[in-house]
Each structure stands twice: as structure tokens, then as C-alpha cells.
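A closer look at the structure
What follows is the residue order along each chain.
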There are 2 protein chains.
Amino acid sequence: MNQPSDKQHLILTGDRPTGPLHLGHFVGSLRNRVMYQDKYQQFIMIADAQALTDNMDNPAKIHDNVMEVALDYLAVGIDPSKSTILIQSQIPELTELTFYYMNLVTIARLERNPTIKQEIILRNFERDIPAGFFTYPVSQAADITAFKASLVPVGEDQIPMIEQTNEIVRRFNRLAKKDILVECEALVPEIGRLPGIDGKAKMSKSLGNAINLGSSEAEIKAAVKNVYTDPLHLRVDDPGHLEGNVAFIYLDAFDTDKEAVAAMKEHYVRGGLGDSKVKARLETVLQEMLRPIRERRQEYEKDRGHVLQILKQGTEKAREVAAKTNAEVMAALGLKHF
Amino acid sequence: MNQPSDKQHLILTGDRPTGPLHLGHFVGSLRNRVMYQDKYQQFIMIADAQALTDNMDNPAKIHDNVMEVALDYLAVGIDPSKSTILIQSQIPELTELTFYYMNLVTIARLERNPTIKQEIILRNFERDIPAGFFTYPVSQAADITAFKASLVPVGEDQIPMIEQTNEIVRRFNRLAKKDILVECEALVPEIGRLPGIDGKAKMSKSLGNAINLGSSEAEIKAAVKNVYTDPLHLRVDDPGHLEGNVAFIYLDAFDTDKEAVAAMKEHYVRGGLGDSKVKARLETVLQEMLRPIRERRQEYEKDRGHVLQILKQGTEKAREVAAKTNAEVMAALGLKHF
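Residues numbered from 1 in each chain as written. Chains lettered and ligands numbered in written order. Predicted model: local features only at pLDDT ≥ 70, side-chain atom pairs only at ≥ 80, totals over all residues.

Observations concerning the overall build of chain A
- Broken down by element type, chain A carries 14 helices and five strands.
- Here chain A has a C-alpha radius of gyration of 22 Å; the compact-globule value for 338 residues is 20 Å, and the two agree.
- Summarising its shape, the C-alpha atoms of chain A cover approximately 80 × 45 × 40 Å along the three principal directions.
- Looking at the 338 residues of chain A, the share that counts as buried comes to 47%.
- Across chain A, every contact between residues at least 6 apart in sequence was considered, and the portion connecting residues at least 24 apart equals 77%. (Helix = DSSP H or I, 4+ residues; strand = E, 2+ residues; numbered from the N terminus. Rg over C-alpha atoms; globule rule 2.2 N^0.38 Å. Buried ≥ 20, exposed ≤ 12 C-beta atoms within 10 Å, placed from the backbone. Contact = placed C-beta atoms within 7 Å.)

What follows is the structure, given as C-alpha cells:
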């Protein structure tokens, strides 16, 4: 992982507003963003336009989740005085860049994109994939380059997207005969994907195995009760297994007392430590971690007008940056007449 | 051909600025536009953004031809007080509409478009077709619907494009639960394609068989000399043939004295009328027709600043219309936050 630590670097990151954010987002990205905002310039994009590429049948869901995601951001400690939070759809320059970048990418190249291939299978799209979804790597390239982001936090599986962006950057700069656009680098987090409470590889709202950041105390309690552990660990005295044991995976991810966790693991493997004790500790850890987040969220929820104001200011700031890049791109394409 | 004659109807028409306009454009569209501007509201779009979808390697050519096409328009009698001339790329709302309409069309549907299929073969693109070119029917739908055009003059071969647009209109209106977008109708001209001077089916700059609207007297003279007639008509006394005889096709298209043309045809078929006499008449007709066009063009060429002003005013007027539609579309998609 390359982490140059100066404010010269601009990070672009964000989320599709399709539902409330959960512990998986917290581990995979939100927690890092709270750190990044002190080290880098950070633009956090609520990617509603991208979310519509496969939610065109339910635009109201996307609309409403823009605010929910913003509340989650503020709740986890993203500070609008340090990070720029923006709403993608409110920056039309991004669609304009997408439009022209589409001429720099062939259909064959888009078909070869492994992330898109995977998504097509996941969503059972086959050839009935919406054109907007099929071409979203181009839209992503527009987002990244509009802000001249040099670092883009992504999972391993998203690295082909970064490669696609850099291909567009190189093709465009060659065409423009100057370095207008900036190549970016993937920033792959050390901790990968958090499993769901059911042990499935990915925590996700649609799988119903998520613990949302805004969960109530009772919801956390209930979720922890259902956390998948070791199905072979029938009696307290039996030796337990750690692989795939979600209770311990979560403790590793969230318990700050690493020594205590190590001791519990040893005890569990040896036998004599019941799941109920492990889960009790996990519940304590999660309740303590999520309480201030929930409380901050509730504070912000009381004044959504203020949150909207934060989004407006962030979006305006980001739009200025995008408009500047856009003007350079348009000029290079001979699209300046007046 | 459906031609309701009231100002309720808005026509959207235009050209890709890839080169000077020629007699083929004059017959197929420009001449009609001069009539339409008295009957309908008419928006004439210089489609530079669309031209870039397969000219990304030479944006300067597209830029420069925007002015050339505008000069041709004014030269043939398109009156900016009656018609609205606009530059496509200067209306970013069109790219925004394209972006969201992309979610309403599948890749499979675009592949089925016969016009696109034909173009892929013509241009030897195969799978290396630029994504922007492949999806240009969506961009066309954006253009047509942005201005709420109800009539779109197109050749027979472009009718699938109109169908694609109307599919998007219906899908969008169903989604929005109200009739925001307007379905359009193809306006197919009675006179079809004009052959090139060499007898090839299509007059085109790239085939080198065109007579440009701005041609000099000497250029017209030379072109008429090369006009394809009847290769079997070797001696003046031989009976001549009219099929595929470009000299007579042009006389049919441009000579206003239909009786004289009919008499010449009869004489030619009977034998005794030499090609040189037919061509002499054709030259007279073309010189007379093109002289005022060339002279008007030369007048406008002297003040390109004025032409640019006309384009600016037309584009501003058109942008207002597009922005209004765009706001309705964005609102229906839940993309209004501030």
C-alpha cells in the first residue's frame, strides 16, 4: 500500500446511496476516511447517479438514501471542515466528461473489464444489462479525473476499474498533447471484506446479514446473538475453531484490546470458553463503539436542513474543481466556440 | 409523409460538422428547412458532439467545420429570425440527459439497432466500436426529447433511430408516472438520396464525388464535365438512356423548367441530343442556383464574428428549452436536493 502523506494528494472515495451503511463499510472504508482526512485532501462522493444505473426502477430509494448516507458519514466522524462531501448527480460536468470519454473506450474493452463481467453474473444481467451500467467504468473515470484524484481507495476486485481510468487518462492526454488529466493509484485497505453475521463472505443489506451503523442497542444485541461462530463447538469444554468464526473476526476488527482478544482465542481453541462469553464481550465492544456513532447520528437527524447545507457547500466546492477540469477537456476537444 | 402545418410542431434537424455541405444535403434536407422555417418551429443543430463519436482523433476538424456548416446554412437561406441554429456541444444538458437515458436502454437493444449495425459494417468497427459511437442513438434521443421535438426529418434508413427515441420516451414517462417527454414522428423527405457526380448512390465528400454548396464557378464547370451520363451513348445520334444518368437526375432535382427537361429527355432517348448539350443546360442551372448561395456565403464569411453571434443566440435560446426539460427529468429521477 502506497500512502504518501501530504496534502498534495487528493483522495476520491464514496458510496452508492442504496441503503444505510453498516459495519462492513466502517471496516472497509469509513474508518480509513476519518484518518485520511487529516493526511490528504479528501472528496467523498455520494454516488447517486451511479446508483441509478441499476436502480432506475426506484429513484426515490436512491434520493432518500443520499441523506441517510450523509448522516452515516457525519456520525462516524467525517468532518466537513476537513473532507468535502458531494452529491454526484449535482455536478453535471461529470456527465459531460463521461459523454466524451465514451469515445476513448471501445465496447470490446468494456466487455473485458473483469469487474463488469463479475457484476453481470451477480445481477443475472447477461445482454440485458442497461447501457448505463455497462459503461459505468467510464463514468467512474470521469469522477476520478474531474477532481484530479491521485489516490482512490478500492478493494482488490476494483483494481481493473483504476486501470480503465488510467487508460482513459493516457489516451486523452496523448490526444490533447498535454497532461491535462492525472493518473491515479489504487489505495487498497489492509483489512479486507468483513463477513456478514451469518458467516457469508460479504456483509450486505440485501443479504440481511448486516449490522447498520445506526442500529439501536436492541438491534445490536439481537444481531450479536445470531453471529455465526463454530458449529462444532457444542459444549463449553470442546475445543473451538477460529477459522470462519465471525465472533472472533469481529473482535479482531473492533476490539482495541488486542491482548485480551489473543487470550480469549487461546482459551477458546483449548476448550473451556463458551460462545456466550465471547459474544458478551463482542456485544460490549460493539455497543461501546456504536453508541457515540448512533448518538451523533441522532443529533444530526434533528437538523436535516443543516446536513443538506453541508452537502450543498461540499458539492459547490467540488463542482468548481470539476468545472475547471471540464473546461480544460472541452478546450482540448475543440469544443470552445464562444 | 405527415406534415401538420402549424407552429405547434417543433422540428429538430441538423448536421454533423465533418465537412462542407453539398448538393446532396441541399436536396435531402437544406431546401426543405427553408420551407419548414415558415411552417414550424425549427431547431437546427450542428451536431459536433455526435461528430466526435467517430472523429476523436481529429477534434480540430470538427471545431472548424462548425463555422463552415453555419455559413452553408445562412447561405442557402436559413433565416436565424425564423430557425434556431444551435451548437450541440454547448448545451451540457444534452449530455446529462444522455447519461440518464443510458439506464433505460440495454446493450442488447442497442446491438439490434439496424442503423448501428450498418454503420459498424461501413466503418469496419466490429467490436472496436467506440462506446460513444455505439450509444449515439441514446444521445440522439436526448437531443430530440430535450427540445420536445415532435417532427424529425430523417431518411428511411434512420427510422429505427426514431423508434429507439420513442421507446425511451415511453419508458421514461412510465417511470415518471407523467408525460414529461414527447414522442416524435419521422418526416421522410419525398426526394431521396442524390447520387454523386460519378453515379455512385451517395454524394459524399469522402468519396470525392460531391459538388459543394460553396463551389466556385470553375469548380462547378469542372464537376459538370465529369458528371456520369450514359456510357452506351457514344454518338450523338445513338438513343440514350436515362436510368442512372446523373445529368438528368440532377436536372430533375434542380431545373425548375420541368417541361424543358421532359422535352430534353424525350430527345435524348430518341437519339440526336448530345451529352454536351445536356451538360451545358445542367451547368447553367447549377451556376444560376449556386451563384446567389456562394455570394451570400462570401458576404457572411466577411464577418464571422456576426455568424458566431447568431450561433450564440440560437444556442442560448435552445439551451433554455433543454434546461427546462432537463429539470423536469432530474426531478422525476429524484435528483433534486437543493
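Focus on the packing of helix α10 (residues 217-225) of chain A against helix α13 (residues 275-301) of chain A
Residue and element names in this part refer to chain A.
- Look at α10 against α13: their axes get within 10 Å of each other, and the N-to-C directions meet at 150 degrees. For the element pair α10 / α13, the angle class is roughly antiparallel. Helix-helix and strand crossings are classified by hand; for α10 and α13 the assignment is right-handed. Where α10 abuts α13, its residues Glu 217, Ile 220, Lys 221, Val 224 and Lys 225 lie against Lys 279, Leu 282, Glu 283, Leu 286, Gln 287 and Leu 290.
- Split into classes, the residues belonging to the contact of α10 with α13 amount to five nonpolar, one polar and five charged. (Axes fitted to C-alpha atoms, helices over the stretch in contact; angles between N-to-C directions. Parallel < 35°, antiparallel > 145°, perpendicular 65-115°, else oblique. Left-handed = near helix turned anticlockwise from the far one by under 90°. Nonpolar A, V, L, I, M, F, W, Y, C, P; charged D, E, K, R; others polar.)

Quick look at the interface of chain A and chain B
- Contact with chain A, which involves 44 residues of that partner, is made by 44 residues of chain B.
- Of all the elements in the fold, those that place two or more residues in the side of chain A that touches chain B are α2 (48-52), α3 (59-76), α4 (93-101), α5 (107-112), α7 (131-134) and α14 (304-332) of chain A.
- In the side of chain A that touches chain B, the residues fall into 27 nonpolar, twelve polar and five charged.

Things to note about the relation of the copies chain A and chain B
- Mapping chain A onto chain B calls for a rotation angle of 180 degrees and an axial translation of 0.0 Å; the resulting RMSD is 0.1 Å. Viewed as a symmetry operation, the transformation between the two copies matches a two-fold axis. (Least-squares fit on C-alpha atoms with pLDDT ≥ 70 in both.)

A look at helix α13 (residues 275-301) of chain B
All names here are of chain B.
- Here α13 spans 36 Å end to end across 27 residues, near enough to the 39 Å set by a 1.5 Å rise per residue.
- The largest bend in α13 is about 30 degrees, located at Leu 290, with the proline Pro 292 one to four residues further on.
- Here α13 has its buried residues at Val 278, Leu 282, Val 285, Leu 286, Leu 290, Arg 294 and Arg 297.
- Tucked inside the fold, the buried residues of α13 contact α3 (59-76), α10 (217-225), α11 (246-254) and α12 (258-270). (Expected span 1.5 Å × (residues − 1). Bend = angle between axes of the 7 residues up to and from the residue.)

Digging into the domain arrangement of chain A
Residues and elements named next belong to chain A.
- Taken domain by domain, chain A holds domain 1 (10-194 + 304-332) and domain 2 (214-299).
- One C-alpha centre belongs to domain 1, the other to domain 2; they are set 34 Å apart.
- Contacts between the two partners involve nine residues from domain 1 and, on the opposite side, five residues from domain 2.
- The element contributing the most residues to the side of domain 1 that touches domain 2 is α3, with five residues.
- Of the residues in the side of domain 1 that touches domain 2, the class split is eight nonpolar, no polar and one charged. (Domains from an automatic or database assignment.)

Points about the pairing of strand β1 (residues 10-15) of chain A
Residue and element names in this part refer to chain A.
- Taking burial as the measure, the six residues of β1 include six buried ones, the bulk of the element.
- By the alternation rule, side chains of β1 split into Leu 10, Leu 12 and Gly 14 and Ile 11, Thr 13 and Asp 15, which are all buried.
- Summarising the sheet, β1 and strand β2 (residues 41-46) pair through six bridges and their orientation is parallel. Across the sheet, the residue bridging to Leu 12 is Phe 43, located in β2.
- For the crossover that starts at β1, traverses helix α1 (residues 23-39) and ends in the parallel β2, the hand is right-handed. (Pairing = 2+ DSSP bridges. Right-handed = clockwise from strand over helix to strand, strands pointing away.)

What about the pairing of strand β3 (residues 83-87) of chain A?
All names here are of chain A.
- By the criterion of burial, β3 is predominantly enclosed, with five of the five residues buried.
- Where β2 lies against β3, five bridges are found, and the strand directions are parallel. Counterpart to Ile 46 in the pairing with β3 is Ile 87.

Brief notes about the confidence of the model for chain A
- Per-residue pLDDT for chain A has a mean of 94; in total, 98% of the residues score no lower than 70.
- Taken together, the chains of this predicted complex give a pTM of 0.94 and an interface ipTM of 0.93. (pLDDT = per-residue confidence, 0-100.)

What to know about unusual backbone geometry
- Phi is positive for Lys177(A), which is not a glycine, with a value near 60 degrees.
- Looking at where Lys177(A) falls in the secondary structure, it is placed in the loop between α9 (159-176) and β5 (185-187).

Quick word on α3(B)
Residues and elements named next belong to chain B.
- Along its 18 residues, α3 runs 26 Å from first to last C-alpha, staying within 8% of the 26 Å computed at 1.5 Å per residue.
- Considering bend angle alone, the principal kink of α3 is centred on Asn 65 and spans about 30 degrees.
- Listed as buried for α3 are Pro 59, Ile 62, Asn 65, Val 66, Val 69, Ala 70, Leu 71, Asp 72, Tyr 73, Leu 74, Ala 75 and Val 76.
- Taken from the residues just after α3, Gly 77 is the one with a positive phi, measuring 110 degrees.

Description of the environment of Leu232(A)
- Structurally, Leu232(A) is set in the loop between α10 and α11 (246-254).
- Sequence separation of Leu232(A) and Leu151(A) is 81 residues, and the distance between their C-alpha atoms is 44 Å.

What to know about the packing of helix α8 (residues 136-146) of chain A against α9(A)
Residues and elements named next belong to chain A.
- Between α8 and α9, whose axes approach to 9 Å, the crossing angle comes to 70 degrees. One finds that α8 runs roughly perpendicular with respect to α9. Judged by the twist between their axes, the crossing of α8 over α9 is right-handed. Packed against α8, whose contacting residues are Pro 137, Gln 140, Ala 141, Ile 144 and Thr 145, the element α9 presents Met 161, Gln 164, Thr 165, Ile 168 and Val 169 at the interface.
- Considering only residue class, the contact of α8 with α9 consists of six nonpolar, four polar and no charged.

Considerations on the environment of Asp230(A)
- Within the fold, Asp230(A) resides in the loop between α10 and α11.
- A sequence separation of twelve residues divides Asp230(A) from Leu242(A), and the C-alpha atoms of the two residues are 7.3 Å apart.

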